Amino acid sequence: MNEQIEAYAKRLKLSWIRENYHEVEASNNHEYLLKLFEKEVQNREERKVNLLLSQAQLPKIGNQPYQWEHIQIPQGISRTTVLDGDFITEKENLILYGGVGTGKTYLATLISLNAIHRFGSRVKFYTVASLVNKLIEANQQGSLAKIMKQIEKLDLLVLDELGYIPLHKEGAELLFQVISMCYENKSIIITTNLQFGQWNHVFGDPILTEAVIDRLIHHSHLLLFTGDSFRYKESLLHG
Ligand SMILES: Nc1ncnc2c1ncn2[C@@H]1O[C@H](COP(=O)(O)OP(=O)(O)OP(=O)(O)O)[C@@H](O)[C@H]1O
Ligand SMILES: [Mg+2]
């Protein structure tokens, strides 16, 4: 009989039940069935979250509480709506702008984690440099369409560190294609140390830069990070 139960559970893709049904204790049939279903659903949700987390490739972060004192948030959104990722359901963008070590990557990561846990969002975190390298490589190998499809399936694309490295023409154009594809379809979070006026130095072409900025700032919120570097403060504290 056990074999049959396991075979049915397998066919129905009830993997938690298949492996654990004999350990569940209950005082009647209803309670037993309820416990089985509850555990199966729980287990599925956990597996889904773990899969989303591994696909997102987020940077590791600590668990110190997030300090907001030096972050200017525009009207129309709040700390809570930023953290809760409400802008993702609205398909809006966030631009996190400020100096080094002020918490841009940290915030982008926290938002990504919340979105995965709260909404089961499909998130992917890239530094601009790593995405652009990947796009160039794919373009040369004829597999660009495949990466574009993967990005198209996301709910949130995080592009970290725009501005630290200038792009070559091919890279700039490919990044524009990605931003253009995401426009009004999904959310992007961009972290940058450059004001819009200087993005030209990254994209290398004023017309392309204008087209990028135009798409990004339509439906977006700009957060200003005005503090000193947390890395510097931490190193002072810990010597
Ligand atoms: N708001 C914050 N509250 C508490 N700790 C913070 C905060 N922001 C940053 N930190 C700490 O400072 C470290 C550096 O922050 P983060 O990497 O987010 O900076 P950044 O703005 O992305 O800098 P860079 O432009 O150099 O990439 C974090 O790993 C974290 O330990
Ligand atoms: Mg960073």
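Residues numbered from 1 in each chain as written. Chains lettered and ligands numbered in written order. Predicted model: local features only at pLDDT ≥ 70, side-chain atom pairs only at ≥ 80, totals over all residues. Heavy atoms only, no water.

As recorded in an unreviewed UniProt entry, the chain goes by the name IS21-like element helper ATPase IstB, listed as coming from Virgibacillus tibetensis. Per its UniProt entry, the chain bears the Sequence similarities (unreviewed entry) comment "Belongs to the IS21/IS1162 putative ATP-binding protein family." (UniProt positions renumbered as here; feature names shortened; annotations may be inferred.)

Moving on, we come to the site of ligand 1. In the region of ligand 1, 17 residues are neighbours, and Q67, G101, T105, Y106 and Y164 sit closest. At 2.7 Å from an oxygen atom of ligand 1 is found a side-chain nitrogen or oxygen belonging to T105. Residue R231 places a side-chain N or O atom 3.0 Å away from an oxygen atom belonging to ligand 1. The fraction of the free accessible surface of ligand 1 (620 Å²) that becomes covered by protein chains is 88%. Where the shell around ligand 1 is concerned, the elements lending two or more residues are helix 6 (104–119) and helix 12 (230–238). Of the residues contributing to the shell around ligand 1, the split by class is 6 nonpolar, 7 polar and 4 charged. (Near = heavy atom within 4 Å. Polar contact = N/O pair within 3.5 Å; in protein donor to acceptor, adjacent residues only side chain to side chain. Areas by Shrake-Rupley, 256 points an atom, 1.4 Å probe, with all protein chains shown as cover. Helix = DSSP H or I, 4+ residues; strand = E, 2+ residues; numbered from the N terminus. Nonpolar A, V, L, I, M, F, W, Y, C, P; charged D, E, K, R; others polar.)

A separate point is the packing of helix 8 (residues 144–152) against helix 9 (residues 169–182). The contact between helix 8 and helix 9 brings their axes to 10 Å, and the two run at 35°. As helix 8 packs across helix 9, the resulting crossing turns out to be right-handed. Each of L144, M148, I151 and E152 in helix 8 lies in contact with helix 9, whose residues at this interface are L174, Q177, V178, M181 and C182. (Axes fitted to C-alpha atoms, helices over the stretch in contact; angles between N-to-C directions. Left-handed = near helix turned anticlockwise from the far one by under 90°. Contact = heavy atoms within 4.5 Å.)

Sheet architecture is open: 6 strands sit in the order 1-6-2-5-4-3, paired in mixed fashion. Two strands close off the open sheet at either side, each with one partner strand: strand 1 (71–72) and strand 3 (123–127). Judged from the 2 bridges that link them, strand 1 and strand 6 (residues 220–225) form a sheet pairing that is antiparallel. The partner of Q72 across the bridge, within strand 6, is L224. Helix 9 rests against strand 4 (156–162) and strand 5 (187–192) of the sheet, and its axis sits at about 145° to strand 4. Against the sheet, helix 11 (residues 206–217) makes contact with strand 2 (93–98), strand 5 and strand 6, and its axis sits at roughly 115° relative to strand 2, the strand it touches most. (Pairing = 2+ DSSP bridges.)

Let us look at the UniProt feature "domain: AAA+ ATPase" (unreviewed entry) in the chain. Mapped onto the present numbering, the UniProt feature "domain: AAA+ ATPase" (unreviewed entry) falls at residues 90–223. Taken end to end, residues 90–223 is 51% helix and 21% strand, and its two terminal C-alpha atoms sit 17 Å from one another.

Before going further, it helps to spend a moment on the domain arrangement of the chain. Per the domain assignment, the segments of the chain are domain 1 (2–56) and domain 2 (71–238). Between the C-alpha centres of domain 1 and domain 2 the distance comes to 38 Å. Summed over both sides, the interface of domain 1 with domain 2 buries roughly 590 Å², with 68% coming from carbon and sulfur. At the junction of domain 1 with domain 2, the criterion picks out 0 salt bridges. At the junction of domain 1 with domain 2, the criterion picks out 2 residue pairs in polar contact (both at pLDDT 80 or more). Split into classes, the residues belonging to the side of domain 1 that touches domain 2 amount to 4 nonpolar, 1 polar and 1 charged. (Domains from an automatic or database assignment. Buried area = accessible area lost by both parts, 1.4 Å probe. Salt bridge = Lys/Arg side-chain N within 4 Å of Asp/Glu carboxyl O.)

Bringing a nonpolar patch on the surface into the picture now. A grouping of V100, Y164 and I165 is seen on the molecular surface, where their side chains present a nonpolar patch of about 280 Å² in accessible area. The topology assignment puts I165 in the loop between strand 4 and helix 9. (Patch = residues over 30% accessible without salt bridge, like charges linked within 9 Å, V, L, I, M, F, W, Y side chains within 5 Å.)

Residue placement: E40 occurs in helix 3 (residues 29–56). A relative accessible area of 3% places E40 in the buried class. Apart from the residues within four sequence positions on either side, E40 is in contact with K13, L14, S15, W16, I17 and R47. (Buried < 20%, exposed > 50% of the residue type's maximum accessible area, 1.4 Å probe, protein only.)

Among all positions of helix 8, only L144, I147, M148 and I151 are buried. Seen along its axis, helix 8 keeps its buried residues to an arc of 100°; they face one direction. Seen from the open side of helix 8, the exposed residues pointing more than 90 degrees away from its buried face are A145, K146 and K149. For helix 8, the elements touching its buried residues are helix 7 (128–141), strand 4 and helix 9. (Arc of directions from axis to C-beta.)

Moving on, we come to the pattern of salt bridges. Any two side chains of opposite charge can pair if their charged atoms end up close together. Tallied over the full model, the rule gives 5 salt bridges. Its salt-bridge partner being D84, residue R118 comes within 3.9 Å of it at the nearest N-O pair. A residue pair is termed long-range when its members are at least 10 positions apart, and R118 in helix 6 and D84 in helix 4 (residues 79–84) qualify at 34 residues.

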